[in-house]
Amino acid sequence: MNPKRTNQPRRKPDAAGSGPIRNVSRGAAMRAQKQAVSDANKKANQYQPASASPTERPKRANVIDDRPQLKIIGLGGMDGGGSKNMMVIEYQNDAIVIDCGNDLGVDLPGINYGIADTTYLDQIKSKLRAFVISHGHLDHIGALPHILPKYNVPVYGSRFTIGRVEEIFQNFGLPMPEGFELKTVIMNEDTHERLKVGEFFVELIRVTHAIPGSTAIVIDSPVGRMINTGDFRLDPNPLDHERTDVARLEELGKEGVLVLMSESTTTERPGRTPSESTIEQSFVNIMDKAPGRIFVAIFSTNVNRIQMIVNAAVHHNRKVALDGRSMISTLEMAVRNGFMKIPKGTFVPIASVPSLKDEDVVVVCTGGQGEPNSALQRMSMGDHKHVHLKDQDTVILSSTPIPETGNDALIGVMVDDLMRKGVHVFRHETYLIDNNGPLHVSGHASMDEYADMINMVKPKYFIPIWGPYRSKKRHIDIAIEHGIPRANCVNAENGDVINITPEKISVNGQVPHGTILVDQTGAIVSSIVVKDRVLLAEEGLVAVVLTVDKKTGQLLTSPDIISRGFIYMKDSEDLMNAFRAELRRAVTQRFKRVDLDRFKAELKDYVTHFLYEQTQRSPIVIPVVNVIGGRTEKQPANNGGTNAGTQAPAPKSPEEVALDQQRRFAQMRQRLLNQDARVD
């Protein structure tokens, strides 16, 4: 569509910028729109499902291979920050899945988290024998309520880990499929028991991490022995005295290990991770000098550290209140299973905090990552039901930003808000200038500990897992420095099929993989919907509603224009007047010459061109064309039925029909325009 325009130059409307309008070709406008769509796709495509993945292969390619070799396939966790961790171990007609986590770092409109696409698991469903879980953090168990019911196989893990699995199923907001029953198997990580699962034997080994019950997973297969370290550190003095079982790892190394799959979260951190015991005195010291109430923000699963805080509170004769649903749920499970020791009368309800003296209370809550709607965030904003932070309160952030999530900015804004209220804020990042001890230690190893793991296990083949590519590359460098040949190391991506025999390790093709997006309710969100949301967020939307007389091809009313996230039309009167004039011209010149569908398509391109020319922006354009007139209402024939003897109403003239249609449309239009003051 290319209606003629007058040669008189128009002034560029103020809302679109100053200066004369740009002389932009229709092709340039279309290219700009395609670029906007491409940018939205690029952002959303970081989290594609397998069906949209460019690496998707034909259904049978690299899937069915019954040769006697072992397959290791990471469906998640082999990129980014090591999130949505999920790995398939497959040998002929048997397969097990290690971990089943979610990705809480997805930054897309309306998305809560991502989970691994299970298209490949659907293809080998008959082979699946079990899910084996290394530990209870959400990036290792958070996807189970979405994925496990499809396969209905048992879940293996330590006692605390199984407690966490049961907890997330209990708290999951959506109903389970009919016939599904959660089946769990608790394994003792201290007795080195080995359970047969299909062609595999599975053993758990205790490791130290930031949550109780953390384990490495040993899998003996007909091809050889594999060890997946899970998340670990080699803490010599953890609070619960549950140190990594170094003796068993060394024993397995002497017996022979074919493959070591070692987590790679912090392989760029030199030295060794400090012991958890180094921070215990810090809480005591802060409570010694805090003038009023104390709030400690911490991960709900860090049971050992919460025990430290409880110990310090008891030492200072303070009561402890818990807040945050996940905090309360996890701590109830930990106490019930004997993982915490709480003196009687220590805990009080959060609702009782306002009635206690300020110097008599410690509140342990969620929110150390600045998460919206977390307990600490609501307290700082005055939105909490029971507690509002005030001058002379003390807040301790016993955590650091989770890598690869961008939480630094959220935490910074929250700390600013707290300090504006006169709250004393203690952070691990500033403990030296605060004249205090450290407030956090990582749950992950550092370079020397990663090297120790390799030296203890002495594997033939090495696969770094659960980390971004750069961290896994660094981990391979560490492995090479400690005697593993480069040819025996593989830096695999999600979906890569790692084939292993006693003589060789290689990557042969890929299986379908990707990310499924989940909203706040737990429902799956289509990637198409997410792409539209991104484009709306970046460019906005313009809807054009035209009412056209079918006979004359002329507009019956002034064009209605609705803008969302594009411009505020009441401040752009010149642009709107010019826009309506162009729409009238387009209708006059093209409506009678082409069919309705083609007219709508041309109108969309024309509006896109006009708006880009005026504003250098490419919003989503939705044309709505109401065609009125050209039909007469048919009256039912009178065949002497129940209405026999009554006179049928006289048929309306075409003019009366058109008038009625115009009247009804005017009423609908008025209702539409009255809904929102942003509509012109």
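Keep in mind it's a predicted model, so treat the numbers as computed, not measured.

A. Focus on the packing of helix α5 (residues 159–171) against helix α9 (residues 325–336). Contact geometry for α5 and α9: axes closest at 10 Å, N-to-C directions at 140 degrees. As the angle between them shows, α5 and α9 are arranged oblique. Once α5 is placed against α9, the crossing between them reads as right-handed. Residues F160, G163, R164, E167 and N171 of α5 form the contact with α9, whose participating residues are S326, S329, T330, M333 and A334. Tallied by class, residues from the contact of α5 with α9 come to 3 nonpolar, 5 polar and 2 charged.

B. Summary view of unusual backbone geometry. We note that Q92 has phi near 50 degrees; this positive angle belongs to a residue other than glycine. Locating Q92 in the fold gives a position in the loop between β2 (86–91) and β3 (94–98).

C. Region of the structure containing the pairing of strand β22 (residues 504–510). Sheet topology note: the strand β21 (residues 496–501)/β22 ladder contains 5 bridges and is antiparallel. Within β22, the position partnered with I498 by the bridge is V507. Between the end of β21 and the start of β22, which pair antiparallel, lie 2 residues.

D. Seen up close, the sheet that holds strand β16 (residues 347–348). What the 6 strands build is an open sheet, ordered β16-β15-β17-β14-β18-β19; its pairing is parallel. On the outer flanks of this sheet lie β16 and β19 (424–427), each paired with one strand and no other. Judged from the 2 bridges that link them, strand β15 (residues 319–323) and β16 form a sheet pairing that is parallel. Opposite A321, over in β16, you have V348 as the bridge partner. Across the face of the sheet, α9 comes into contact with β15 and β17 (361–365) while running at roughly 120 degrees to β15.

E. Summary view of helix α13 (residues 469–481). Taking 1.5 Å per residue as the helical rise, α13 with its 13 residues ought to reach 18 Å, and the 19 Å between its terminal C-alpha atoms agrees with that figure. Listed in full, the buried residues belonging to α13 are S471, K472, H475, I476, I478 and A479. Along the axis of α13, the buried residues cluster in a sector spanning 155 degrees; they form a single face. If you follow the buried residues of α13, they end up packed against β13 (257–263), α12 (447–457) and β20 (459–465). Positive phi shows up at G483, right after α13, with a value of about 100 degrees.

F. Quick peek at the sheet that holds strand β26 (residues 560–564). Here we have 3 strands laid out as an open sheet, ordered β26-β25-β27, and mixed in their pairing. Looking along the sheet, the strands with just one partner apiece sit at the ends: β26 and β27 (620–628). Strand-to-strand, the axes of this sheet are offset by a mean angle of 15 degrees, without reference to chain direction. With 5 bridges connecting them, strand β25 (residues 541–549) and β26 associate as antiparallel partners. Its bridge partner being in β26, A543 is matched across the sheet by I562. Its contacts with the sheet put helix α15 (residues 573–590) on β25 and β26, and the angle it makes with β25 is roughly 45 degrees.

G. Up close: the packing of aromatic side chains. Scanning the model with the defined rule gives 5 aromatic pairs in all. Plain terms: the ring middles of F169 and F180 are 5.9 Å apart, the flat faces sit at 25 degrees to each other, and that makes the pair stacked. Of this pair, F169 sits in helix α5 while F180 sits in the loop between α5 and β8 (184–186), placing them 11 residues apart in sequence. Owing to a relative accessible area of 12%, F169 belongs among the buried residues under this scheme.

H. Main features of the side chain of R305. Its place among the elements puts R305 in helix α8 (residues 303–315). Taking the relative accessible area as the measure of exposure, R305 reaches 1% and is therefore buried. One polar contact links R305 to H440, side chain to side chain, over a distance of 2.7 Å. Apart from residues lying up to four places away in sequence, R305 is in contact with E276, I279, F283, I298, S398, L439, H440 and V441.

I. Molecular detail of the pattern of salt bridges. Under the criterion given, the structure shown has 24 salt bridges. Of the charged contacts in the structure, one is a salt bridge between E203 and R248, with a shortest N-O distance of 2.8 Å. Here E203, found in strand β10 (residues 200–206), pairs with R248, found in helix α6 (residues 246–255); they are 45 residues apart in sequence, far enough to count as distant. Neither residue differs from the other here; E203 and R248 are each classed as buried. Linked by salt bridges that have partners in common, R194, D220, R225 and E255 make up one network.

J. Geometry of the confidence of the model for the protein chain. Of the residues in the protein chain, 83% have a pLDDT of 70 or more, and the chain-wide mean is 87. In the predicted structure, residues 675–680 sits below a pLDDT of 50 and forms 15 contacts with residues beyond four places in sequence or in another chain.

What counts, and at which threshold
- Residues numbered from 1 in each chain as written.
- Predicted model: local features only at pLDDT ≥ 70, side-chain atom pairs only at ≥ 80, totals over all residues.
- Heavy atoms only, no water.
- Axes fitted to C-alpha atoms, helices over the stretch in contact; angles between N-to-C directions.
- Helix = DSSP H or I, 4+ residues; strand = E, 2+ residues; numbered from the N terminus.
- Parallel < 35°, antiparallel > 145°, perpendicular 65-115°, else oblique.
- Left-handed = near helix turned anticlockwise from the far one by under 90°.
- Contact = heavy atoms within 4.5 Å.
- Nonpolar A, V, L, I, M, F, W, Y, C, P; charged D, E, K, R; others polar.
- Pairing = 2+ DSSP bridges.
- Expected span 1.5 Å × (residues − 1).
- Buried < 20%, exposed > 50% of the residue type's maximum accessible area, 1.4 Å probe, protein only.
- Arc of directions from axis to C-beta.
- Phe/Tyr/Trp six-rings, centres within 6.5 Å; stacked < 30°, edge-to-face > 60°.
- Polar contact = N/O pair within 3.5 Å; in protein donor to acceptor, adjacent residues only side chain to side chain.
- Salt bridge = Lys/Arg side-chain N within 4 Å of Asp/Glu carboxyl O.
- pLDDT = per-residue confidence, 0-100.

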